[in-house]
Amino acid sequence: MAPVGRRRGWIRENPEEFQLVTSTAMSNSAPSVEAAPQPVVGAARYLAVPTLMDSLLHDVRNPLNALAIHLEVLSEKLKAETGSVPPSQEKNLKAMRDQIQRVDGILKLFSDFVVFRGGAPGVADLSEATTRALGVLGHEGRKRRVQVQAAVEAGVQVRLQDTSELGFFLIQALLRAFRRAENGGSIRVTVRGDEASAVLEVEDSAGACPEPLPEAVAALQLRCSQLGVDLYVRAGLCRLSFSRA
């Protein structure tokens, strides 16, 4: 009991350094449901994404693998009966294999671009990542009726303190342009090497208009400053300049 007594005395002498917070005090000081800020709710939702994504990958890939195995068994049975798979059946089998690989690839892309897992410093392929990001957002572009043009120089490598964040930069820059140019607008995505820099430019046709999601731009600015990426944003342009590898 003596240590407890000393601790209480320590609290009285240094109230600002160590404060005992009871559950009653916490409930009295907690904000009401109506006052809870939306970013807090959004952050809580996102915290569940990695776990849900892992479950989704597991639960979907198992049936995909089973389907792939059954297709191969069916192919072998057809070969055993006739010596080779009939051309009409081979076409169907190939279509099913392609669709299985497509679904598996989409899941992998979604996981890579949405879930933050933290990465190590290193080199990443900006050209390849941009092409993949455009593929991931293909449906979003069609839904928003945005025409997309891309001029991606092959083999442009970037050096980042966290290579896993390249997807974040791409998705944020592209989604900003999609939001601005929706309902018949257009965007142009350019990747090029520029001496010591690797440049990503996303231009849109919206011109001068209010920023659809200023908080998303603020988050992009913050992450760029943290990882040493130069960011330039104005009405119809978002340019990111990376250190070129």
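Numbering of residues starts from 1 in each chain and follows the order in which that chain's sequence is written. Given that the model is predicted, a residue must reach a pLDDT of at least 70 before its local features are reported, and side-chain atom pairs must reach 80 or more before they are shown or counted; all residues, however, enter totals for whole chains, interfaces and linings. Computation of side-chain values: all heavy atoms of the structure, hydrogens and water removed.

As annotated in an unreviewed UniProt entry, the protein carries the name histidine kinase and comes from Myxococcus xanthus. Under the heading Catalytic activity (unreviewed entry), UniProt records this for the protein: "ATP + protein L-histidine = ADP + protein N-phospho-L-histidine." UniProt positions are given in the numbering used here, feature names are shortened, and annotations may be inferred rather than shown by experiment.

Some details on the packing of helix 8 (residues 166-181) against helix 9 (residues 214-227)
When two helices pack together, their arrangement is given by the angle between their axes and by how far apart the axes lie. Whenever a helix is involved, its axis is fitted only over the stretch in contact; in every case the axis is a line through C-alpha atoms, and angles between N-to-C directions fall within 0 to 180 degrees. The numbering of helices and of strands both runs from the N terminus, where a helix is a DSSP run of H or I of at least 4 residues and a strand a run of E of at least 2. Where helix 8 meets helix 9, the axes come as close as 10 Å, and the angle between the chain directions of the two elements is 150 degrees. Comparing the axis directions of helix 8 and helix 9 gives the class roughly antiparallel. Of the two possible hands of crossing, helix 8 and helix 9 adopt the one that is left-handed. Contacts between helix 8 and helix 9 involve Phe-168, Phe-169, Gln-172, Arg-176 and Arg-179 on the former and, on the latter, Ala-216, Val-217, Ala-219, Leu-220, Arg-223, Cys-224 and Leu-227. In terms of residue class, the contact of helix 8 with helix 9 is made up of eight nonpolar, one polar and three charged. The cut-offs work like this: below 35 degrees is roughly parallel, past 145 is roughly antiparallel, 65 to 115 is roughly perpendicular, and the gaps in between are oblique. In this scheme the crossing of two helices becomes right-handed for a clockwise turn of the near helix relative to the far one and left-handed for an anticlockwise turn of less than a right angle. Contacts were defined at the residue level, with two residues in contact if any of their heavy atoms lie within 4.5 Å. When residue character is reported, Ala, Val, Leu, Ile, Met, Phe, Trp, Tyr, Cys and Pro are called nonpolar, Asp, Glu, Lys and Arg charged, and the others, Gly included, polar.

Points about the environment of Val-199
Among the structural elements, Val-199 can be located in strand 5 (residues 197-204). Residue Val-199 is classed as buried on the basis of its relative accessible area of 3%. C-alpha separation for the pair Val-199 and Ser-241, spaced 42 residues apart in sequence, amounts to 4.6 Å. Filtering out sequence-adjacent residues up to four positions away, Val-199 remains in contact with Leu-126, Thr-190, Val-191, Arg-192, Asp-194, Arg-239, Leu-240 and Ser-241. The buried label applies to any residue whose accessible area, calculated with a 1.4 Å probe on protein chains only, is under 20% of its type's maximum; exposed applies above 50%, and partly exposed to all values in between.

Side note on the nonpolar core
Residues Leu-126, Leu-166, Phe-169, Leu-200, Leu-240 and Phe-242 are the most contacted members of the largest nonpolar core, which totals 35 residues. For this core, the secondary structure elements donating two or more residues are helix 5 (87-114), helix 6 (126-136), strand 3 (157-160), helix 8, strand 4 (186-194), strand 5, helix 9 and strand 7 (237-244). No other element matches the ten residues that helix 8 contributes to this core. Those residues in contact with Phe-169 that sit more than four places away from it in its chain are Leu-160, Leu-220, Arg-223, Cys-224, Leu-227, Val-229, Leu-240 and Phe-242. In these notes, a set of buried Ala, Val, Leu, Ile, Met, Phe, Trp, Tyr and Cys residues joined through side-chain atoms within 4.5 Å is what counts as a nonpolar core. Leu-71, Leu-78, Val-85 and Ile-100 belong to the second-largest nonpolar core, a separate cluster that totals six residues.

What to know about the pattern of salt bridges
Any carboxyl oxygen of Asp or Glu within 4 Å of a side-chain nitrogen of Lys or Arg constitutes a salt bridge here. Under the counting rule described, the total for this entry stands at 13 salt bridges. The shortest N-O distance in the salt bridge between Asp-104 and Arg-61 comes to 2.7 Å. Linking Asp-104 in helix 5 with Arg-61 in helix 4 (residues 49-82), this pair joins segments that are 43 residues apart in sequence. Looking at Asp-104, the relative accessible area reads 30%, which means it is partly exposed.

Brief notes about a nonpolar patch on the surface
Residues form patches when they are more than 30% accessible in relative terms and have no salt bridge. Like charges link within 9 Å. Nonpolar side chains (Val, Leu, Ile, Met, Phe, Trp, Tyr) link within 5 Å. Computed with the Shrake-Rupley method and a 1.4 Å probe, the accessible areas treat only the protein chains shown as cover for residues. Side chains of Tyr-46, Phe-110, Val-114 and Phe-116 sit close together on the surface and give an oily, nonpolar patch of about 330 Å² of accessible area. Inspection of the secondary structure puts Val-114 in helix 5.

Overview of the environment of Gly-184
Mapped onto the elements, Gly-184 comes out in the loop between helix 8 and strand 4. Placed 39 residues apart in sequence, Gly-184 and Arg-145 show a C-alpha to C-alpha distance of 5.2 Å. Those residues within four positions of Gly-184 in sequence are excluded, and the remaining contacts are Arg-144 and Arg-145.

Remarks on helix 9
Every helix has an expected span of 1.5 Å times one less than the residues it contains. In a regular helix each residue adds 1.5 Å, so 14 residues correspond to 20 Å; helix 9 covers 20 Å between its end C-alpha atoms and thus fits that length. Of all the residues in helix 9, the buried ones are Ala-216, Val-217, Leu-220, Arg-223, Cys-224 and Leu-227. The buried side chains of helix 9 occupy one side of the element, clustering within an arc of 130 degrees when seen end-on. With respect to the buried face of helix 9, the exposed residues turned more than 90 degrees away are Glu-215 and Ser-225. To obtain the arc, one takes the directions from the helix axis to the C-beta atoms.

Some remarks on the pairing of strand 4
Strand direction decides the pairing type here: strand 2 (residues 147-152) and strand 4, joined by six bridges, are parallel. Bridge pairing in strand 4 places Val-148 opposite Ile-187. Looking at chain direction, strand 4 and strand 5 are connected through eight bridges and run antiparallel. Considered in strand 5, the bridge of Val-189 is made with Val-202. Counting the residues that bridge the hairpin from strand 4 to strand 5 gives two residues, and of these Glu-195 lies at a positive phi of roughly 55 degrees. When DSSP finds two or more bridges between a pair of strands, those strands are recorded as paired.

So, helix 5
In this model helix 5 runs 40 Å from its N-terminal to its C-terminal C-alpha over 28 residues, within 8% of the 40 Å that 1.5 Å per residue would give. Buried residues belonging to helix 5 abut helix 4, helix 6 and helix 8.

A few points about the packing of helix 5 against helix 6
Between helix 5 and helix 6, the least distance of the axes is 10 Å, while the angle of their chain directions is 110 degrees. As judged from the angle between their axes, helix 5 and helix 6 are roughly perpendicular. The chirality of how helix 5 crosses helix 6 is left-handed. Touching Leu-109, Asp-112 and Phe-113 of helix 5 are Ala-129, Arg-132, Ala-133 and Val-136, all from helix 6. Residue composition of the contact of helix 5 with helix 6, grouped by class: five nonpolar, no polar and two charged.

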